[in-house]
Amino acid sequence: MSKYKAQPTGKERFFKDNEIIVSKTDPKGRIVYANDVFLEIAGYKEQEVLEQPHSLIRHPDMPRCVFQLLWDRIQAGDEIFAYVKNMAKNGDHYWVLAHVTPSRDSHNRIIGYHSNRRVPNREAVGKIEGLYAQLLAEEAKHQNKKEGLAAGLAALNAFIEESGQSYDELIFSLESQG
Ligand SMILES: Cc1cc2nc3c(=O)[nH]c(=O)nc-3n(C[C@H](O)[C@H](O)[C@H](O)COP(=O)(O)O)c2cc1C
């Protein structure tokens, strides 16, 4: 848990459609680069984020299973798009559509990860908020963290299956609606 962690204020922050929030991490998810848009919206100075785990901006409303899916995908060398509710230093929050990819060296070994985040589709955020609340509630039913995570993942997979689409198709269809 970071020394900066505030209580959520419930107040939302926004960034512009033409802005991209960028960060890069080492293979363990510690921040090695953050652009000015990242620092501005998250309310941190560069020195405060460098070498910190990316969970620095984790919002407690985010279900753990979403990050499990993210790490499973990028550690396997794949990319992922995900809706993420992030928390600024003062506890305000902001929604992003994150694209996370592995960075490789000339031998194709993963040397870190890279994330670009854009303003998400507002209708999609409304739907995702409901889904994430359900997943979080599912995880919270279990005292044991591992069991909670497994239950969250099972609920997420059930939701994807019910949609009749893959996870990626679901995200893209949410993003292109409205
Ligand atoms: C490149 C990259 C970008 C990430 N971006 C975010 C982010 O914007 N917000 C976030 O909460 N976690 C992000 N994560 C995931 C965190 O590393 C972490 O898994 C997550 O915050 C959950 O933290 P916890 O496992 O300590 O609860 C990112 C990871 C990587 C590799």
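Further up the page is the structure itself.
Residues numbered from 1 in each chain as written. Predicted model: local features only at pLDDT ≥ 70, side-chain atom pairs only at ≥ 80, totals over all residues. Heavy atoms only, no water.

Undergrad: Any chance you could explain the overall build of the protein chain here in plain terms?
TA: The number of helices and strands found in the protein chain is 6 helices and 5 strands. N-terminal to C-terminal, the α/β element order of the protein chain is β-β-α-α-α-β-β-β-α-α-α. C-alpha atoms of the protein chain, sized along the principal axes, occupy 45 × 45 × 40 Å. Partitioning the contacts of the protein chain with sequence separation of at least 6, the portion at a separation of at least 24 is 57%. Here the protein chain contributes 23 positive and 25 negative side-chain charges, whose respective centroids are spaced 6 Å apart. (Helix = DSSP H or I, 4+ residues; strand = E, 2+ residues; numbered from the N terminus. Contact = heavy atoms within 4.5 Å. Lys, Arg positive; Asp, Glu negative; His and termini not counted. Charge placed at Lys NZ, Arg CZ, Asp CG, Glu CD.)

Undergrad: Would you explain empty space enclosed by the protein in this entry?
TA: In this approach the atoms are scanned with a rolling probe the size of a water molecule, which exposes any empty space left behind. One pass over the full model with this rule turns up 1 cavity of 30 Å³ or more. Each pocket or cavity is described by its volume, and for the largest cavity that value is around 80 Å³. For the largest cavity, the full set of lining residues is Val66, Ile128, Leu131, Tyr132, Leu156, Phe159, Tyr167, Leu170, Ile171 and Leu174. Every element with two or more residues in the lining of the largest cavity is listed here: helix 4 (122-140), helix 5 (145-163) and helix 6 (167-175). Counting residues per element, the lining of the largest cavity draws most heavily on helix 6, which supplies 4 residues. (1 Å grid on protein atoms, 1.4 Å probe; cavity = no way out; pocket = protein on both sides within 12 Å on 5 of 7 lines; lining within 4 Å. Points joined across faces, edges and corners; volume = space filled by probe spheres on them.)

Undergrad: What is the right way to read the pattern of salt bridges from this model?
TA: For side chains bearing opposite charge, pairing can occur when the charged atoms are close. Tallied over the full model, the rule gives 9 salt bridges. For arginine 109, the salt bridge identified is with aspartate 105, shortest N-O distance 3.1 Å. Residues joined in a network through salt bridges with shared partners are Lys11, Arg13 and Asp92. (Salt bridge = Lys/Arg side-chain N within 4 Å of Asp/Glu carboxyl O.)

Undergrad: It is not clear to me how unusual backbone geometry should be interpreted in this structure. Could you clarify?
TA: Glycine aside, negative phi is the norm for most residues, and most peptide bonds take the trans geometry. You will see that glutamate 51, though not glycine, has its phi angle at about 70°, which is positive. Tracing the chain through its elements places glutamate 51 in the loop between helix 2 (46-49) and helix 3 (64-75). The class of glutamate 51 is exposed, set by a relative accessible area of 66%. A positive phi angle, near 70°, is found at asparagine 108, a position not held by glycine. Relative to the assigned elements, asparagine 108 resides in the loop between strand 4 (93-104) and strand 5 (110-118). Its relative accessible area of 52% is what places asparagine 108 among the exposed residues. (Buried < 20%, exposed > 50% of the residue type's maximum accessible area, 1.4 Å probe, protein only.)

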